[in-house]
Amino acid sequence: RMKIRVVLDSVRDQNLKQMKQLNAAIFPVKYQDKFYSDCVACGDVTQLAYYNDILIGAIACRLESKGNGKAKLYIMTLGVLAPYRDLGVGTHLLEHSLRVAMEDPNIEEAYLHVQTSNDGAIRFYDKHGFAIKEMIPNYYKRIDPPDCYILHRSLV
């Protein structure tokens, strides 16, 4: 399904700087150190995608407790550098993270926030079984429109 050969790797201290540079190139938001420490702490649900040893994409997730020993997967970011989009890299990253999450019977759902104007992302997640759960006005600071949808998918 993927149109190029991509190698996935977990995030750790040695490649964290690369991930920060990738995110700075893709996203309009600067992520704080806590974002990256969450990525490292949550293990294999966060993955980096390399093509010919060049970092071209990443999915960053964290696990959030629901109480009662259950958890949900929060997809913080999923991004691929522009020249490598529409080649199946994002799908490969997302499917990997969801598969890792589904191996843990305590992780019951996955969710994310997406800007209401981001039709491409909404379509992408819809193809992968996510549905709009609610809209939050003024969720984002300093980006327009500031509103977001919560997209949700059950993993059980």
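Residues numbered from 1 in each chain as written. Predicted model: local features only at pLDDT ≥ 70, side-chain atom pairs only at ≥ 80, totals over all residues. Heavy atoms only, no water.

### Thoughts on the side chain of Glu-109
Alright, step 1. In this structure, Glu-109 sits in strand β5 (residues 107–115).
Alright, step 2. Note on Glu-109: relative accessible area 11%, which makes it buried.
Alright, step 3. Here His-152 takes part through its side chain, which lies 2.7 Å from a polar atom of the side chain of Glu-109. (Helix = DSSP H or I, 4+ residues; strand = E, 2+ residues; numbered from the N terminus. Buried < 20%, exposed > 50% of the residue type's maximum accessible area, 1.4 Å probe, protein only. Polar contact = N/O pair within 3.5 Å; in protein donor to acceptor, adjacent residues only side chain to side chain.)

### Here we look at the sheet that holds strand β4 (residues 70–80)
Alright, step 1. Within the open sheet, the seven strands sit side by side as β1-β2-β3-β4-β5-β7-β6. Their pairing is mixed. Edge positions in the sheet fall to β1 (7–10) and β6 (131–136), since each of these pairs with one other strand and no more. Averaged over all pairs of adjacent strands, the angle between strand axes in this sheet comes to 25°, irrespective of strand direction.
Alright, step 2. With respect to the sheet, helix α2 (residues 33–41) is in contact with β3 (54–67) and β4, its orientation differing from that of β3 by roughly 85°.
Alright, step 3. Where helix α4 (residues 119–127) meets the sheet, it contacts β4, β5, β6 and β7 (148–154), and its direction lies at approximately 160° from that of β5. (Pairing = 2+ DSSP bridges. Axes fitted to C-alpha atoms, helices over the stretch in contact; angles between N-to-C directions. Contact = heavy atoms within 4.5 Å.)

### Focus: the environment of Cys-39
Alright, step 1. Relative to the helices and strands, Cys-39 is located in helix α2.
Alright, step 2. In this structure Cys-39 comes out as buried when scored by relative accessible area, which is 0%.
Alright, step 3. Dropping the residues within four chain positions of it, Cys-39 is found in contact with Val-11, Met-19, Thr-46, Ala-60, Cys-61 and Met-76.

### Things to note about the confidence of the model for the protein chain
Alright, step 1. Looking at the protein chain, pLDDT values average 94 and 99% of them are 70 or higher.
Alright, step 2. When pLDDT is averaged over each element of the protein chain, β7 comes out on top at 98 and α2 at the bottom at 91. (pLDDT = per-residue confidence, 0-100.)

### Focus: the nonpolar core
Alright, step 1. Leu-73, Ile-75, Val-89, Leu-94, Tyr-125 and Phe-130 are the most contacted members of the largest nonpolar core, which has 30 residues in total.
Alright, step 2. For this core, the secondary structure elements donating two or more residues are β3, β4, α3 (89–102), β5 and α4.
Alright, step 3. By size, the runner-up hydrophobic cluster in this structure holds 19 residues, among which are Leu-16, Leu-22, Leu-48 and Tyr-50. (Core = buried A, V, L, I, M, F, W, Y, C linked by side-chain atoms within 4.5 Å.)

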